[in-house]
Amino acid sequence: MRSLVTGSLSEECSLQTWPCCIFQELKAIRMRVREMEEETERLKGLTGDDTVPVGSSKAGTLHPLSVEEKREADKRSVYVGNVDYGGTAKDLEGHFSNCGSINRITILCDKFSGHPKGYAYIEFAEKSSVEAAIAMDETVFRGRTIKVLPKRTNMPGISTTDRGGFRGRPRGHRGNIQRGHRPRGRPYRSVH
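Reading guide: rules and limits
- Residues numbered from 1 in each chain as written.
- Predicted model: local features only at pLDDT ≥ 70, side-chain atom pairs only at ≥ 80, totals over all residues.
- Heavy atoms only, no water.
- Pairing = 2+ DSSP bridges.
- Helix = DSSP H or I, 4+ residues; strand = E, 2+ residues; numbered from the N terminus.
- Axes fitted to C-alpha atoms, helices over the stretch in contact; angles between N-to-C directions.
- Buried < 20%, exposed > 50% of the residue type's maximum accessible area, 1.4 Å probe, protein only.
- Contact = heavy atoms within 4.5 Å.
- Salt bridge = Lys/Arg side-chain N within 4 Å of Asp/Glu carboxyl O.

Colleague: Could you give an account of the sheet that holds strand 6 (residues 147–150), naming the residues involved and the relevant values?
Modeller: One open sheet accounts for 4 strands, arranged 2-3-1-6; its pairing is antiparallel. Across the chains shown, the open sheet's two edge strands, defined by having one partner strand only, are strand 2 (102–109) and strand 6. Each strand axis lies, on average, 20° off the axis of its neighbour in the sheet, ignoring direction. As judged from the 6 bridges shared by strand 2 and strand 3 (residues 116–124), these two strands associate in the antiparallel manner. Each bridged residue has a counterpart across the sheet, and for isoleucine 105 the counterpart in strand 3 is isoleucine 122.

Below, the structure written as structure tokens:
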């Protein structure tokens, strides 16, 4: 076989037949992947576990929520800011456990580095738990003072980052005068 990392050829594969060796290796890899998938399905059948691994593309897509369900969930949720980067969902659950039953804790992470962004959302089972959680504003969590606010519902078409105003080319202190052009009206006079 041919090692793809080092680029060396074994005695089976010569320079004339190396494309054939690559195809054989790819075929062997595909067979191994198929065997692993079959093994996973067999193990699921034995344990009765139908959960999807976290790294899978199907994770978190049990059923999409309707707009009404999202609004209802937002009314039962709080935003937690200034969360310690080492804090886990278990830590947050322990900190907010006396507020009520918690359905879900979401700690947002940067999609490129995977590091936490420093804030989280907590969804409670009941709306009354939100008030108890807001009362915990400015408490200390893992050595940091956290900010707890009710979660706002995003409205389609309304952006908080769009501040309005002029979106064209920025203008200097001279208004509409373009570089190299003189204003109309009064002729340009130099001071002697």
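Now that the structure has been shown, the text picks up again.
Colleague: Before we move on, can you summarise the environment of tyrosine 121 with the specific residues and values?
Modeller: Within the secondary structure, tyrosine 121 sits in strand 3. Tyrosine 121 gets classed as partly exposed once you look at its relative accessible area, which sits at 25%. Along the sequence, tyrosine 121 and leucine 149 sit 28 residues apart, while their C-alpha atoms lie 9.7 Å from each other. Setting aside anything within four residues of it in sequence, one finds tyrosine 121 in contact with Val78, Tyr79, Arg104, Ile105, Thr106, Leu108 and Lys151.

Colleague: Before we move on, could you go through the pattern of salt bridges and cite the residues and values that matter?
Modeller: Applying the stated criterion across every chain yields a total of 8 salt bridges. Between lysine 151 and aspartate 74 there is a salt bridge whose closest N-O contact spans 3.0 Å. Placement of the pair is lysine 151 in the segment after strand 6 and aspartate 74 in helix 2 (residues 67–75), with a sequence separation of 77 residues. What makes lysine 151 partly exposed here is its relative accessible area of 24%. Given a relative accessible area of 13%, aspartate 74 falls into the buried group.

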